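Single-letter residue listing:
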Amino acid sequence: MGDNWRRLALQLGLLTGVGLAFALSARQQPASAGGMDECPAESECSIAKPNVMLLLDYSTSMNLEWDLLNQLSRWEVAVVAIADITAPGTYLSQTTHLALLRFGHDPDPDAPGTVIPDETSGLVDGQVIDVAWDDGNGAYLECNGQAILDALAATPAPMQGSQFGIGTWTKGALDATAVEIAATKADHANDEFEPARAYLNLVLTDSAWTGVDGSTPLIPADQDPAISAAALFDQQAIRTYVIALAGDPQAEAAADQLADAGGTTQAIHASAPAQLGEALGAVVSAIANSWEPPPCVAGPVRVMFLLDGSSEMLNLGEGPDAAPAALGEGRWDQARDALANENFSLFDYEINMVPLEELTHLGLASFGEPDEAKILVQYAACARDNFRFALDPQTSCEQPGCDDPWGGPPIAWTFQDGTEDPPGFDTPTQSHMPQCAGEDGEACQGSGRYLHLGLELLAANQASYHAAAQDPMAPFPTTAETSYVNVVILAGRHDAWSTDAQIQTPLQAMANDGITTRVIGLGVDANDPVMLAQLQDIADWGSGGTAPHMLAATQVDLEIALVSIMDELPFDPCCALNECGLGPNLTTNEPDPVPQEESSGDGDGDPSGDGDGDPAGDGDGDGDGDGDGGEADTLAGEGESDDGGSGTGTGDDAPVLEGRGCSCATGPDPEGRLASALMLLGVLALRRRRRR
């Protein structure tokens, strides 16, 4: 049933055939709520959108072929990759203001307004801003990812594809960016009120920097772009991220120095085309975590699921025809899988390419007999493992009381405390199952449906939780703006155990406090008018008459109903919230993880960390590779030599990058530069994580 959850919102940039595909998964895109076609206005956000400048190398070495299989140049590969991370609906487009600057060199630094002979794309004095943060009237351009795409589509290859003629005056680009930042701050004086709007730069280059006129690589010293990056970082706390393309050692060393001066420690070296998507995804995540916004005012939405714990949840059929359900057939199993299947479930449902678990704090409760109303999982971030543990029949099945959790009565469950090792959750977590009393061969029985006690528990728990989280030092503080929603999953009529008045009282009290309760009838008799009337009463009382009840005959129906409720949750469209992909879901209060010193963690079992499963580490299975020994842009032309310097595998078996681990057909990388750079960016992200 997992495929029913997949909203395939992967940003895919495909170039001809199967050669290059950038697949930035939802886990690589930071959390950003709101629909793909919606543009969150800054007024809707509790934080100021940062201004991000993309500085793209427009030197003629970018015309060198890079994707050998598809005969694509560095420029063509870079254009697709940048379009991928800035397209409408992506994190950068939705939650930042984007600008694009291309740079080359200035042929006559003593004369303003000079252009390079035969250069027709608009470079003046060595650079051009194709897309600005604001318009001519000083109004910020919201969600302007499409403007980036349009500008890239309208820009020809450097010097119409020639391999010489434009140098790499990177310092000039950063100096122009500093001027643009100053002008933007002057036009938007309110941006400087605390907390001030953040600015960030991303430089993408394939060559070592040159002097102003493009003729001298790495000289003179006063044209080192690290000088400008350091000034931006030291004086204005503006970080500069750097990605070095194509494996040129000289360019990579210069890029590292630039990144270090710009406050991001180390550049990312994308030696092969397939690595560029992962590199850009890592930078986007680091950007989302590098600036210092205030906490989102309301914080994550809190959702509590109240699951019917009557014995009927373990049976198939009704009355004398009822019998114990086999594995996966009962409504308890269906609800467990819909909520927390270990592969794909509600936790994976994506809103604007972001899994629900990264936008919400989810809790779980159950009800049955008077002593069976329990909070199984308190509101928590990234709680899939907790849900799965709490609802798994095998968790509570221990001999001698239980041998087969689907074998029918009599079963005596042994409930487990999830905070004990194993599994050692930090979030309070209790396992639970409906009673399965009776004789061998009979249906499970013993647990009724005291719904009002479950609702009263939800109200009391929310009140105590919210009061405790008012402390600003709480792990996840709440405010008056924090939203709460309840979802009741009910398997039958309640009139034998709870009166209408008993149910109405807590539902209306919570609704009056702004807490909406939705209800789903799971496997109920859709032809029973009493059942339908009870469901609608619950829906009316729980929502102030604004929401209908929902019916789910199957697990697929339940999944659809849950998704429709989640789509209506209120999200701050600019908040980056939980980051469940950074580690296991077991704990929430332990110290931040630190990078391991061994392999890059690709998970394939081979010692190279390249993700391909072969020990050679070359990514194509044969241990070979060819690469550039070094190059620099000059007016005399760009040269490269094949001496095996960097080594880039290009075999047809090179798989697409998918989330964790680099299965990207790279050449020998004894220092693990890509992995270590990504790790460093991860550390930057982790520094922000605990402040949310």
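Note that the structure is a prediction, hence the values are computed from the model and not measured.

The rules behind each value
Residues numbered from 1 in each chain as written. Predicted model: local features only at pLDDT ≥ 70, side-chain atom pairs only at ≥ 80, totals over all residues. Heavy atoms only, no water. Axes fitted to C-alpha atoms, helices over the stretch in contact; angles between N-to-C directions. Helix = DSSP H or I, 4+ residues; strand = E, 2+ residues; numbered from the N terminus. Parallel < 35°, antiparallel > 145°, perpendicular 65-115°, else oblique. Contact = heavy atoms within 4.5 Å. Nonpolar A, V, L, I, M, F, W, Y, C, P; charged D, E, K, R; others polar. Buried < 20%, exposed > 50% of the residue type's maximum accessible area, 1.4 Å probe, protein only. 1 Å grid on protein atoms, 1.4 Å probe; cavity = no way out; pocket = protein on both sides within 12 Å on 5 of 7 lines; lining within 4 Å. Points joined across faces, edges and corners; volume = space filled by probe spheres on them. Salt bridge = Lys/Arg side-chain N within 4 Å of Asp/Glu carboxyl O. Expected span 1.5 Å × (residues − 1). Pairing = 2+ DSSP bridges. Core = buried A, V, L, I, M, F, W, Y, C linked by side-chain atoms within 4.5 Å. Disulfide = S-S within 2.5 Å. Left-handed = near helix turned anticlockwise from the far one by under 90°. pLDDT = per-residue confidence, 0-100. Phe/Tyr/Trp six-rings, centres within 6.5 Å; stacked < 30°, edge-to-face > 60°. Lys NZ or Arg CZ within 6 Å of the ring centre and 35° of its normal.

A. Molecular detail of the packing of helix 8 (residues 331-340) against helix 9 (residues 384-391). Remark: helix 8 packs on helix 9, axes separated minimally by 9 Å, with the N-to-C direction vectors making an angle of 170°. When the interaxial angle is binned, helix 8 and helix 9 end up roughly antiparallel. Across from Trp332, Arg336, Asp337, Leu339 and Ala340 in helix 8, the residues of helix 9 making contact are Arg384, Phe387, Arg388 and Leu391. For the contact of helix 8 with helix 9, the residue count by class is five nonpolar, no polar and four charged.

B. Summary view of unusual backbone geometry. Of the consecutive residues Ile219 and Pro220, the connecting peptide bond is found in the cis state with omega at 0°. Considering the arrangement of structural elements, one finds Pro220 in the loop between strand 8 (199-205) and helix 5 (225-236). One non-glycine residue with positive phi stands out, namely Asp118, at about 70°. Its place among the elements puts Asp118 in the loop between strand 6 (97-103) and strand 7 (127-131). For Asp118, a relative accessible area of 63% corresponds to the exposed category.

C. Empty space enclosed by the protein, seen in detail. All told, the structure shown has three cavities of 30 Å³ or more when counted by the stated rule. One number sums up the size of the largest cavity: a volume of about 100 Å³. Ranked by residue count, the leading element in the lining of the largest cavity is helix 8, at three residues. The computed volume of the second largest cavity comes to approximately 60 Å³. Lining of the second largest cavity is provided by Thr170, Thr205, Ser207, Ala208, Trp209, Pro225, Ala251, Ala254, Ala255 and Leu258.

D. Structural context of the pattern of salt bridges. Taken as a whole and judged by the stated rule, the model has 16 salt bridges. Lys49 serves as the salt-bridge partner of Glu142, at 2.7 Å between the closest nitrogen and oxygen. Of this pair, Glu142 sits in the loop between strand 7 and helix 3 (145-154) while Lys49 sits in the loop between strand 2 (21-24) and strand 3 (51-57), and the two are 93 residues apart along the sequence. Given the relative accessible area of 28%, Glu142 is considered partly exposed. Lys49 sits in the buried class, given a relative accessible area of 1%. Between Arg336 and Asp337 there is a salt bridge whose closest N-O contact spans 4.0 Å. Taken as a pair, Arg336 and Asp337 share a single burial class, namely buried.

E. Representation of helix 10 (residues 451-468) in the model. The terminal C-alpha atoms of helix 10 lie 26 Å apart, and with 18 residues this matches the ideal 26 Å at 1.5 Å per residue to within 8%. Taken together, the buried positions of helix 10 are occupied by Leu451, His452, Gly454, Leu455, Leu458, Asn461, Gln462, Tyr465 and His466. Lining the buried residues of helix 10 we find strand 11 (301-308), strand 16 (360-367), strand 17 (374-380), strand 18 (484-490), helix 11 (500-512) and helix 12 (529-543).

F. Main features of the pairing of strand 6. Most of strand 6 is tucked away: seven of the seven residues are buried. With seven bridges connecting them, strand 3 and strand 6 associate as parallel partners. The residue of strand 6 that forms the bridge with Asn51 is His97. Direction of pairing for strand 6 relative to strand 7: antiparallel, over a ladder of four bridges.

G. Representation of the nonpolar core within the structure. One finds Phe305 and Phe387 to be the most contacted residues of the largest nonpolar core, which totals 50 residues. For this core, the element with the highest residue contribution is helix 13 (residues 555-566), accounting for six residues. Excluding residues within four positions of it along the chain, Phe387 makes contact with Phe305, Leu339, Ala340, Phe347, Leu362, Gly363, Leu364 and Val377.

H. Fine view of the state of the cysteines. Going through the model one piece at a time under the given rule, you end up with two disulfides. One disulfide bridge connects Cys436 with Cys444, the sulfur atoms lying 2.0 Å from each other. Taking the sign of the S-S torsion, about -55° here, the bridge from Cys436 to Cys444 comes out left-handed. We note that Cys436, like Cys444, is buried.

I. Here's a closer look at helix 6 (residues 249-261). Compared with an ideal rise of 1.5 Å per residue, which puts 13 residues at 18 Å, helix 6 spans 19 Å between its outermost C-alpha atoms and is within 8% of the ideal. Taken as a whole, helix 6 has its buried residues at Ala251, Glu252, Ala254, Ala255, Asp256, Leu258, Ala259 and Ala261. Downstream of helix 6 by a residue or two, Gly263 has a phi angle that is positive, lying close to 85°.

J. Seen up close, the sheet that holds strand 11. Taken in spatial order, the six strands line up as 17-16-11-18-19-20 in an open sheet, and their pairing is mixed. What marks the edges here is a single partner per strand, and that holds for strand 17 and strand 20 (550-552). Each strand of the sheet is rotated relative to its neighbour by a mean of 20°, with strand direction disregarded. Note that strand 11 and strand 16 share eight bridges and pair parallel. Opposite Val301, over in strand 16, you have Thr360 as the bridge partner.

K. Layout of the packing of helix 5 against helix 6. With their axes 7 Å apart at the nearest point, helix 5 and helix 6 run at an angle of 20° to one another. One element, helix 5, and the other, helix 6, form an angle in the roughly parallel class. For the element pair helix 5 and helix 6, the recorded crossing hand is right-handed. Residues Pro225, Ala226, Ala229, Ala230 and Phe233 of helix 5 pack against Gln257, Leu258 and Ala261 of helix 6. Looking at the contact of helix 5 with helix 6 residue by residue, the classes come out as seven nonpolar, one polar and no charged.

L. Broad picture of the environment of Val124. Among the secondary structure elements, Val124 is positioned in the loop between strand 6 and strand 7. By relative accessible area, which is 36% here, Val124 ends up partly exposed. Sequence-distant contacts of Val124, defined by excluding residues within four places in its chain, comprise Gly113, Thr114 and Val115.

M. Spatial organisation of the confidence of the model for the protein chain. The predicted model of the protein chain averages 80 in pLDDT, with 75% of residues at 70 or higher. Every residue in residues 1-36 is under pLDDT 50, and counting partners more than four places away or in other chains gives 128 contacts. Note that residues 582-692 has pLDDT below 50 and, in this model, 241 contacts with residues that lie over four places away or in other chains.

N. Representation of the packing of aromatic side chains. Within this structure, the stated rule accounts for eight aromatic pairs. A centroid spacing of 4.7 Å and a plane angle of 50° characterise the contact between Tyr379 and Tyr465, whose relative ring orientation is tilted. Taken together, the residues span a long stretch of sequence, with Tyr379 in strand 17 and Tyr465 in helix 10 at a distance of 86 residues. Both rings, one in Phe389 and one in Phe425, keep their centres 5.6 Å apart while their planes meet at 75°; by these two values the pair is edge-to-face. Placement of the pair is Phe389 in helix 9 and Phe425 in the loop between helix 9 and helix 10, with a sequence separation of 36 residues. Residue Phe389 is classed as buried on the basis of its relative accessible area of 15%. Within the aromatic cluster, the residues linked to one another by ring pairs are Phe305, Phe347 and Phe387. Stacked on the ring of Tyr58, the Lys or Arg Arg102 has its end atom at 4.4 Å from the ring centre.

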